[in-house]
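# An overview of the molecular structure
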Amino acid sequence: ISGIRSLKGRIFFFLIFETVMTEEFKYTHRYDLFDLLAEIFAALLLVGQVIMLSTALSNLPDVIPNHFNGNGVANGYGSKYTICGPFIFSVILFVVLTLLSRHPQLYQTRMQKSNKAAEYKMTVKMILSFKPILMLVFFLISYFMIQTAQLKLTEYLNYLVIGILLIVFSHVIYWLIRHAKLN
């Protein structure tokens, strides 16, 4: 029992606090409510994607449209298992972003000694806010791939692309402005 409690304590500590050690100083990021909600939302989107794909695969035809032209007309076809591609990529992205949020020193670029702690904090915040957005993007891509494989919602594909670009680029611009203000 004490081993289980110890393990739970270590997992909780790992989720709530992450310490970054460098030669110059020690940085500890304390997760606030937004950070925790972002992590939970990203994980739920990943789980939702698993559930959605596992229930949809058995109902899809063996050959599905997997590429569309600018007018939303299918011009490429492939196996129904191609819808697993966005999920595989989102899992890889989830793992990489989690690693970077736990160890922001892996992502350090042009950090000055005077503001290294602020840079680490901003890097962790940026990654934690990007993770649910990117998981949502890949969830939507999987959802629309399933819908188009069932010949539904094909007229909304252009809106999906525009929506994804707006969401991602507005977030990138926000963090570029924050970074410029920090320096």
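Just so you know, these numbers come straight off a predicted model, no measurement behind them. (Residues numbered from 1 in each chain as written. Predicted model: local features only at pLDDT ≥ 70, side-chain atom pairs only at ≥ 80, totals over all residues. Heavy atoms only, no water.)

## Overview of the nonpolar core
Note the following rule: In this description, a nonpolar core means a group of buried Ala, Val, Leu, Ile, Met, Phe, Trp, Tyr and Cys residues linked to one another through side-chain atoms lying within 4.5 Å. Only protein chains enter the accessibility calculation, which uses a 1.4 Å probe; a residue whose area is less than 20% of its type maximum is buried, one above 50% is exposed, and one in between is partly exposed. Strands here mean DSSP runs of E at least two residues long; helices mean DSSP runs of H or I at least four residues long; both are numbered from the N terminus. Two residues form a contact once any of their heavy atoms are found within 4.5 Å.
Residues Ile83, Leu93, Met135 and Ile146 are the most contacted members of the largest nonpolar core, which totals 27 residues. With 10 residues, the single largest contributor to this core is helix H4 (residues 116-149). Leave out the neighbours within four places in its chain, and Ile146 touches Met52, Leu53, Ala56, Leu60 and Ile83. Grouped together as the second largest cluster of nonpolar side chains are six residues, Val137, Leu157, Leu160 and Ile164 included.

## Structural notes on the environment of Phe139
With respect to the secondary-structure elements, Phe139 resides in helix H4. Once the C-alpha coordinates of Phe139 and Pro86 are considered, the two residues, 53 residues apart in sequence, prove to be 8.0 Å apart. With residues near it in sequence (within four places) discarded, Phe139 still touches Leu45, Gly48, Gln49 and Met52.

## Some remarks on the packing of helix H3 (residues 84-102) against H4
Which entries qualify depends on this criterion: Convention adopted: a line fitted to C-alpha atoms gives each axis, helices being fitted over their contacting stretch, and angles between N-to-C directions are expressed from 0 to 180 degrees. Here the angle decides the label: under 35 degrees means roughly parallel, over 145 means roughly antiparallel, 65 to 115 means roughly perpendicular, and every other value means oblique. Residue classes follow a fixed rule: Ala, Val, Leu, Ile, Met, Phe, Trp, Tyr, Cys and Pro count as nonpolar, while Asp, Glu, Lys and Arg count as charged, and any other residue, Gly among them, counts as polar.
Packing of H3 against H4 leaves a shortest axis separation of 10 Å and a crossing angle of 175°. Between H3 and H4, the angle falls in the class roughly antiparallel. Contacts between H3 and H4 involve Pro86, Phe87, Phe89, Ser90, Leu93, Phe94, Leu97, Thr98, Leu100 and Ser101 on the former and, on the latter, Val124, Ile127, Leu128, Lys131, Leu134, Met135, Phe138, Ile141, Ser142 and Met145. For the contact of H3 with H4, a count of residues per class yields 15 nonpolar, four polar and one charged.

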